Amino acid sequence: MSPVFDGKSIKNWVGTFTDIDDQKKVEIEKDEFLSIASHELKTPLTSIKAYMQLLERKLKINEENAESSYVTKALAQVEKLNSLITDLLDVSKIDNGKLKINKKRANLDNVINNAIDTIIQTHDNKVKITRHGFIPDMLIPLDEIRIEQVLINFLTNAIKYSPSNNQIIVSTFVDENEVKVSVTDFGIGIPDFKQDAVFKKFYRVEESSLQFQGMGIGLYICSEIIQQHDGTIGLSSVVDEGSTFYFTLPLN
Ligand code: ADP
């Protein structure tokens with residue numbers, strides 16, 4: 001029960017009572033399903049991947065042949081499936097408060113370069129990534145694997161949502177309190193009023209969701225990772241001009 005004031009005197013009292021028991025139960029069941037399904041899918045997939053790697057090696061012993069190129073292609077798809085399932089597992093870890101961050105003093109510049117290298121290798125040099133700014137040689141408390149995951153996510157999105165421009169800029173900016181890393185693309189952009197929502201679980205911008213594949217969980221995971229580093233995450237974007245996604249990390 002809460003009072004509604006009219007100046008200093010109480011005008012009336014209001015209260016609500018809604019039974020949301022069923023709704024809560026459905027939510028819990030959905031989270032449980034996600035957790036079990038992603039775990040169970042991961043095990044056989046890991047074994048498929050191992051056998052296919054063996055097969056690829058065997059086929060490649062006798063020079064390049066059609067069979068080995070089919071296996072290479074199939075392996076690339078297995079890798080995609082693996083990263084989809086890993087993302088689903090991460091979501092269920094967040095739901096259960098089990099996504100753990102292991103902060104250690106590390107060189108952010110190396111983490112950024114590793115992420116860029118991974119992207120260049122998996123995109124056959126089709127993308128052009130330029131770096132702006134400079135990070136002094138210093139160590140920052142961070143989880144290298146998770147921060148690299150955030151950067152790879154930003155970069156993958158920058159490529160995916162820029163079908164007619166292959167340029168990307170990665171900028172860094174350091175002041176006495178924090179470091180800011182941003183990834184700029186010149187792609188389709190995001191309407192103003194939808195920009196906050198992109199960090200929500202399973203959210204995808206409707207206008208572009210048919211043209212581009214995705215589950216709408218990458219940025220949700222990124223936002224959890226950055227929050228656990230006590231940093232901030234955000235974007236600025238103009239439709240048909242491009243987007244800049246950034247995160248900041250405290251230096252101490
Ligand atoms: P996914 O890409 O799998 O849908 P994300 O969580 O990574 O999931 O992104 C959520 C949504 O935000 C995307 O569906 C897309 O609508 C929008 N988005 C993300 N990055 C960009 C970008 N660089 N340019 C335009 N839209 C983007």
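One can find the structure itself at the top, above this paragraph.
Residues numbered from 1 in each chain as written. Predicted model: local features only at pLDDT ≥ 70, side-chain atom pairs only at ≥ 80, totals over all residues. Heavy atoms only, no water.

Enquirer: Give a description of the pattern of salt bridges that names residues and reports values.
Expert: Scanning the entire structure with this criterion turns up 10 salt bridges. Between K24 and E27 there is a salt bridge, and its shortest N-O distance comes to 3.3 Å. Here K24 pairs with E27, and both are found in helix α1 (residues 21–61), just 3 residues apart, close to one helical turn. Two residues, K49 and E79, come together in a salt bridge whose shortest N-O distance is 3.0 Å. You can see K49 sitting in helix α1 and its partner E79 sitting in helix α2 (residues 66–95), a full 30 residues away along the chain. A relative accessible area of 36% places E79 in the partly exposed class. (Salt bridge = Lys/Arg side-chain N within 4 Å of Asp/Glu carboxyl O. Helix = DSSP H or I, 4+ residues; strand = E, 2+ residues; numbered from the N terminus. Buried < 20%, exposed > 50% of the residue type's maximum accessible area, 1.4 Å probe, protein only.)

Enquirer: Describe the site of the ligand, listing the residues and the values that go with them.
Expert: Neighbouring the ligand are 21 residues; N157, Y161, D185, R204 and L219 lie closest to it. G216 is positioned with one of its backbone polar atoms (N or O) 3.2 Å from an oxygen atom of the ligand. For the ligand, whose accessible area on its own is 530 Å², the fraction buried by protein is 96%. One can see that the ligand is located within the largest pocket. Elements represented by at least two residues in the shell around the ligand include exactly α4 (144–160), α6 (218–228) and β9 (242–250). With 3 residues, the single largest contributor to the shell around the ligand is α4. Tallied by class, the residues present in the shell around the ligand amount to 10 nonpolar, 8 polar and 3 charged. (Near = heavy atom within 4 Å. Polar contact = N/O pair within 3.5 Å; in protein donor to acceptor, adjacent residues only side chain to side chain. Areas by Shrake-Rupley, 256 points an atom, 1.4 Å probe, with all protein chains shown as cover. 1 Å grid on protein atoms, 1.4 Å probe; cavity = no way out; pocket = protein on both sides within 12 Å on 5 of 7 lines; lining within 4 Å. Sits in = over half its atoms within 2 Å of the grid points. Nonpolar A, V, L, I, M, F, W, Y, C, P; charged D, E, K, R; others polar.)

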